[in-house]
2 protein chains.
Amino acid sequence: MTKAATLAEIAIEAGVSTPTVSKVLNGRADVAPATRERVEGLLRQHGYRRRRAAVQSSQLLELVFHELDSLWAMEIIRGVENVVSEEGLSVVLSESSGRLTPGLSWMDGVLARRPTGVVLVLSGLSPSQQAQLTSRDIPFVVMDPAGDPGQQVPSVGTTNWDGGLAATRHLIDLGHRRIGILAGPRRMMCSRARIDGYRAALDIAGITFDPDLVREGEFNHQTGHQAGLELLRPADRPTAVFTGNDMQALGVYEAARELGLRIPEDLSVVGFDDLPVARWVGPPLTTVRQPLTEMAEAATRMVIDLARGNPPSTLRMDLATSLVERSSTAPPRPLPR
Amino acid sequence: MTKAATLAEIAIEAGVSTPTVSKVLNGRADVAPATRERVEGLLRQHGYRRRRAAVQSSQLLELVFHELDSLWAMEIIRGVENVVSEEGLSVVLSESSGRLTPGLSWMDGVLARRPTGVVLVLSGLSPSQQAQLTSRDIPFVVMDPAGDPGQQVPSVGTTNWDGGLAATRHLIDLGHRRIGILAGPRRMMCSRARIDGYRAALDIAGITFDPDLVREGEFNHQTGHQAGLELLRPADRPTAVFTGNDMQALGVYEAARELGLRIPEDLSVVGFDDLPVARWVGPPLTTVRQPLTEMAEAATRMVIDLARGNPPSTLRMDLATSLVERSSTAPPRPLPR
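What counts, and at which threshold
- Every chain is numbered independently, its residues counted from 1 as its sequence is written.
- Think of it this way: whatever chain is written first is A, whatever ligand is written first is 1, and the rest follow in order.
- It should be noted that, the model being predicted, local features are given only for residues of pLDDT at least 70 and side-chain atom pairs only at 80 or more, the latter also being counted only at that level, while totals for whole chains, interfaces and linings use all residues.
- The basis for every side-chain value is the complete set of non-hydrogen atoms in the structure, without hydrogens or water.
- Helix and strand assignments come from DSSP, with helices taken as H or I runs of at least 4 residues and strands as E runs of at least 2, each series counted from the N terminus.
- Residue exposure (1.4 Å probe, protein chains only): buried if accessible area is under 20% of the type maximum, exposed if over 50%, otherwise partly exposed.
- We call two residues in contact when some of their heavy atoms are within 4.5 Å.
- Method for areas: the Shrake-Rupley scheme with a 1.4 Å probe, in which residue coverage is limited to the protein chains shown.
- Once two parts are joined, some of their accessible surface, as seen by a 1.4 Å probe, is lost; buried area is that loss totalled over both.
- What counts as a salt bridge is simple: a side-chain nitrogen of Lys or Arg found within 4 Å of a carboxyl oxygen of Asp or Glu.
- Throughout this description, a polar contact denotes any pair of N or O atoms lying within 3.5 Å of each other; where both atoms belong to protein, one of them has to be capable of donating a hydrogen while the other can accept it, and for residues adjacent in sequence the pair is counted only when both atoms sit in side chains.
- To line up the copies, we fit them by least squares on C-alpha atoms, keeping just the residues with pLDDT of at least 70 in both.
- Between any two strands, pairing holds if DSSP finds at least two bridges.
- Note on definitions: angles span 0 to 180 degrees between N-to-C directions of axes, and those axes are lines fitted to C-alpha atoms, for helices only across the stretch in contact.
- pLDDT expresses how confident the predictor is about each individual residue, on a scale running from 0 to 100.
- Between the first and last residue of a helix there are one fewer steps than residues, each counted as 1.5 Å, and that sum is the expected span.
- By arc we mean the arc of the directions from the helix axis to the C-beta atoms, nothing more.
- Between 65 and 115 degrees an angle is taken as roughly perpendicular, under 35 as roughly parallel, over 145 as roughly antiparallel, and anywhere else as oblique.
- The sense of a crossing depends on the near helix, which, turned anticlockwise from the far helix by less than a right angle, makes the crossing left-handed and, turned clockwise, makes it right-handed.
- When residues are sorted by character, Ala, Val, Leu, Ile, Met, Phe, Trp, Tyr, Cys and Pro go into the nonpolar class, Asp, Glu, Lys and Arg into the charged class, and all the rest, Gly among them, into the polar class.
- Under the pairing criterion, centres of Phe, Tyr and Trp rings, with the six-membered ring standing for Trp, must be within 6.5 Å; the plane angle then separates stacked pairs below 30 degrees from edge-to-face pairs above 60, leaving the rest tilted.

- Under an unreviewed UniProt entry, chain A has the name LacI family xylobiose transport system transcriptional regulator and belongs to Kitasatospora kifunensis.

**Some words on the overall build of chain A**
At step 1: Each helix and strand counted, chain A has 12 helices and 14 strands in total.
At step 2: Relative to its full complement of 337 residues, chain A shows a buried share of 58%.
At step 3: A separation threshold of at least 6 residues defines the contact pool for chain A, and within that pool the share at least 24 residues apart is 75%.
At step 4: When the accessible surface of chain A is totalled, it reaches about 13900 Å², and 50% of it is carbon and sulfur.

**Quick word on the interface of chain A and chain B**
At step 1: In this assembly, 34 residues from chain A lie in contact with 33 residues from chain B.
At step 2: For the pair chain A and chain B, the summed buried area comes to about 2800 Å², and 64% of that belongs to carbon and sulfur atoms.
At step 3: Joining chain A to chain B, the criterion identifies zero salt bridges.
At step 4: Taken together, the connections running from chain A to chain B amount to four residue pairs in polar contact (both at pLDDT 80 or more).
At step 5: Elements with a minimum of two residues in the side of chain A that touches chain B: α4 (73-87), β2 (90-95), α10 (246-258) and α11 (277-280) of chain A.

**With respect to the relation of the copies chain A and chain B**
At step 1: When chain A is brought onto chain B, the operation consists of a screw motion whose angular component is 180° and whose axial shift is 0.0 Å, with 0.1 Å RMSD remaining. In the structure described here, the two chain copies are related by an operation that fits a two-fold rotation axis. The rotation axis passes nearest to the C-alpha of A:V92 in chain A, at a distance of 2.1 Å.

**Remarks on the sheet that holds strand β14 (residues 322-324) of chain B**
Residues and elements named next belong to chain B.
At step 1: Across the sheet, which stays open at both edges, the six strands sit in the order β9-β8-β10-β11-β12-β14 with mixed pairing between neighbours. The open sheet is flanked by β9 (214-216) and β14, the only strands paired with a single partner. For this sheet, the mean inter-axis angle between neighbouring strands, taken without regard to orientation, is 20°.
At step 2: In this sheet, β9 lies alongside strand β8 (residues 179-183) in parallel orientation, the contact comprising three bridges. Across the sheet, residue A183 finds its bridge partner in β9, namely E216.
At step 3: Against the sheet, helix α7 (residues 160-173) contacts β8, β10 (240-243), β11 (268-273), β12 (286-289) and β14, and its axis sits at roughly 165° relative to β11.

**Here we look at the environment of A:S313**
At step 1: In this structure, A:S313 sits in the loop between α12 (292-307) and β13 (316-319).
At step 2: When the C-alpha positions of A:S313 and A:M302 are compared, they lie 10.0 Å apart, and in sequence the two are 11 residues distant.

**Some words on the pairing of β2(A)**
At step 1: Within β2(A), five of the six residues are buried, which leaves the element mostly enclosed by the surrounding structure.
At step 2: Pairing of strand β1 (residues 60-65) of chain A with β2(A), which is carried by six bridges, proceeds in the parallel orientation. Across the sheet, residue A:L60 finds its bridge partner in β2(A), namely A:S90.
At step 3: Pairing of β2(A) with strand β2 (residues 90-95) of chain B, which is carried by three bridges, proceeds in the antiparallel orientation. Bridge pairing links A:V92 to B:V92 in β2(B).

**Points about the sheet that holds strand β5 (residues 117-121) of chain B**
Strand pairing in a sheet takes place through backbone hydrogen bonds and is either antiparallel or parallel in direction.
At step 1: Taken together, 12 strands build an open sheet; the order of strands is β13(A)-β7(A)-β6(A)-β5(A)-β1(A)-β2(A)-β2(B)-β1(B)-β5(B)-β6(B)-β7(B)-β13(B) and the sheet is mixed. This sheet does not close on itself; its edge strands, each paired only once, are β13 of chain A together with β13 (316-319) of chain B. The mean angle between the axes of side-by-side strands here comes to 25°, regardless of whether they run parallel or antiparallel.
At step 2: Judged from the four bridges that link them, strand β7 (residues 155-158) of chain B and β13(B) form a sheet pairing that is parallel. Bridged to B:T158 within β13(B) is B:L319.
At step 3: Packing against the sheet, helix α5 (residues 106-113) of chain B makes contact with β1 and β2 of chain A together with β1 (60-65), β2 and β5 of chain B, and its axis sits at approximately 165° to β1(B).

**Some details on the confidence of the model for chain A**
All names here are of chain A.
At step 1: Scored by pLDDT, chain A has a mean of 87; 90% of the residues are at 70 or more.
At step 2: Within chain A, strand β3 (residues 100-101) has the poorest average pLDDT of any element, 37, and strand β10 (residues 240-243) the best, 98.
At step 3: The low-confidence segment residues 98-103, where pLDDT is below 50, has 14 contacts with residues more than four positions distant or belonging to other chains.

**Topic: the pattern of salt bridges**
Two side chains of opposite charge can pair, provided their charged atoms sit close to one another.
All names here are of chain A.
At step 1: One pass over the full model with this rule turns up 32 salt bridges over all chains.
At step 2: Note that R215 and E230 form a salt bridge whose closest N and O atoms lie 2.6 Å from each other. Placement of R215 in strand β9 (residues 214-216) and of E230 in helix α9 (residues 221-232) is noted, with a sequence separation of 15 residues between them.
At step 3: Look at the salt bridges and you will find they share partners, linking R178, D210 and D236 into a network.

**Structural notes on helix α3 (residues 33-45) of chain B**
All names here are of chain B.
At step 1: Look at α3: 18 Å from first C-alpha to last across 13 residues, which is about the 18 Å you get at 1.5 Å a residue.
At step 2: Every buried residue of α3 is listed here: T35, R36, V39, E40, L42 and L43. Down the axis of α3, the smallest arc covering the buried residues is 165°, so these residues share one side. Residues of α3 that are exposed and point over 90 degrees away from its buried face: P33, A34, E37 and Q45.
At step 3: Buried residues along α3 sit against α1 (7-14), α2 (18-25), α5 and α6 (127-135).
At step 4: Of the residues one or two after α3, G47 is the one with positive phi, at around 55°.

**Quick look at α4(A)**
At step 1: Over its 15 residues, α4(A) extends 21 Å from the first C-alpha to the last, a length consistent with the 21 Å expected when each residue adds 1.5 Å.
At step 2: Backbone geometry just after α4(A) places A:G88 at a positive phi near 75°.

**Overview of unusual backbone geometry**
What is expected of a backbone is that most residues other than glycine have negative phi and most peptide bonds are trans.
At step 1: Of note, the bond from A:I263 into A:P264 is cis; its omega dihedral lies within 30 degrees of zero at 5°.
At step 2: Relative to the helices and strands, A:P264 resides in the loop between α10 and β11 (268-273).
At step 3: One non-glycine residue, B:D273, lies in the positive phi region at around 125°.
At step 4: B:D273 sits in the buried class, given a relative accessible area of 5%.

**Some thoughts on the packing of helix α7 (residues 160-173) of chain A against helix α8 (residues 189-204) of chain A**
All names here are of chain A.
At step 1: Contact geometry for α7 and α8: axes closest at 7 Å, N-to-C directions at 40°. Between α7 and α8, the angle falls in the class oblique. For the crossing formed where α7 meets α8, the hand is right-handed. Residue-level inspection shows N160, W161, G164, L165, T168, R169 and I172 of α7 in contact with α8, the latter providing C190, A193, R194, D196, G197, Y198, A200, A201, L202 and I204.
At step 2: Across the contact of α7 with α8, the residue classes break down as 10 nonpolar, four polar and three charged.

**A word on the environment of B:T134**
Residue and element names in this part refer to chain B.
At step 1: With respect to the helices and strands, T134 occurs in helix α6.
At step 2: Considered as a pair, T134 and R50 are 84 residues apart in the sequence and their alpha carbons are 8.5 Å apart.
At step 3: When residues no more than four places from it in sequence are discounted, the contact partners of T134 are R49 and F140.
At step 4: Among the polar contacts made by the side chain of T134, one reaches the main-chain carbonyl oxygen of Q130 at a distance of 2.8 Å.

**Some thoughts on the packing of aromatic side chains**
All names here are of chain A.
At step 1: Tallied over the entire structure, the rule returns four aromatic pairs over all chains.
At step 2: Between the aromatic rings of Y198 and F209, the centroid separation amounts to 6.4 Å while the plane-to-plane angle is 75°, which identifies the pairing as edge-to-face. Taken together, the residues Y198 in helix α8 and F209 in the loop between α8 and β9 connect sequence positions 11 residues apart.
At step 3: On the accessibility criterion, Y198 (1% relative accessible area) is buried.
At step 4: Their ring planes at 45° and their centres at 6.4 Å tell us that F242 and F272 sit as a pair that is tilted. Highlighted residues: F242 in strand β10 and F272 in strand β11, separated in sequence by 30 residues. Neither F242 nor F272 differs from the other in exposure class; each is buried.

Listed below in structure tokens is the structure:
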């Protein structure tokens, strides 16, 4: 048997009827789990791939978040909506984190809905999930600001290393020499890339890397507050802090307030992301803009292209970060020269 | 002909085939506009209502925003997701503002998708749209923080007047007498209710209402900044400002910074909404919490109940606001006593 295996052949090999194979393909719940598993296994084994022409996809695009409580989810939703509304598609929104709907898993729901494609945000797909989508000819793209794409998975990311470099260079150009960094969690590639960019900028400027000025933690306000207090309490505190994201930066703002340090007079702070809130805090935050809306647009266009049979020229696309200078950075006092 | 008019009878009256009437019912694009209009008119005229049993609804719930760029959209999405994930439904997200997808209007898309129900956020439905959904037996609920529901439309709102009263009382209890208000736009019922609550609190405390301390404008940062400067520049400036929402409050924060006024020492500020950002700004914002997530949950439960043939006991439900005291309010200086 080759890739040209038909449903009928798979049915015979699985010892079931052809309609049963068809039910499995369409994510229907009324098939015994053991049967489903056997049929899925054969579909995978034979590299079965339903021809798109054989079934009409719905006018739906699936947008899957790992979790919806991130502040930047809205930026991403906006980007996806921008593209799908031009294309006459509608967005089905879901959260993947361990969500099981009664009787049907998230994946079964997707298979039953026959979407045009799937955009996943920070959500990996297991190899067997990838195989399930591929066998139904449902394309998927990972929008991946964490910079940790799976193998051979089409994905859109951002230039995290360059962002770390630009933020740190900006502080060095202002005259800072003791520059702290509060990095995101090390398990995420984006955190590693940003801290490496920071180290590269120090190295280029001939500033020795000081591990005492490095903290690491989750991407939230509380981490920024705690790590900020740790970094800023010592007498030889840094004159500037580069944070892993804007939420951490706001936590550092709070730590500075508590310690009586004014921003930017006593302390410069640079964030990462450029969420809308960065413009509204006091003082407005200098930050590295991650083009989340544009990344979501690119991921959505990529998945629609795939659905139309136009594979992208590259599987991994990184959109550029850029430094947005606002009022939270200034030369250090006293000037170190 | 009565409500029991069948599709066949409507087809005869419209001079079309029964399948054509069926296509109109299902939002299919392949019907001439004039024919669609004639059939829709007859469906409306006869009060036709498809029995739910006659067609299987999809496992989709439509969530429609007037526009998606509001900061609180995320709070609402989360509430809807909380309920639908329990119920095994998925959310289709769309923006209503003038959106027309190629060939199909938003409404046609809804009719074609056969959702379990529709939750509209701040989006009214025209009477003819209401009739379209009703004839397909698709229930809808308006989630309506603006407090301006249509006639007989099931809706979930919040207690805006009580919120205005509680915010102003809190400031009066702290000793403030010159209390400014920056209200939202007068075209929204919620703005009117909040300012009336403010006036009621002043009245109860025997404080004369001073129109010079009132400003009005859109619910954004820029309005807060501009109106804040206007209110705070005069020598007899108010010692406290109650704003229409948290974004306006952050604009007032910026105005105060520019004028060298410290919060809360020189100026108390109360917001409205309690968006996550209210906790993260400096100082953390005292605000009136509008339970957006709970309102979205209630609206979603209501529409699912309607879909199951359980009409709600009341068409309009208002969830309570509550004052959240943080660090942006304090007694005025010098003390007025």
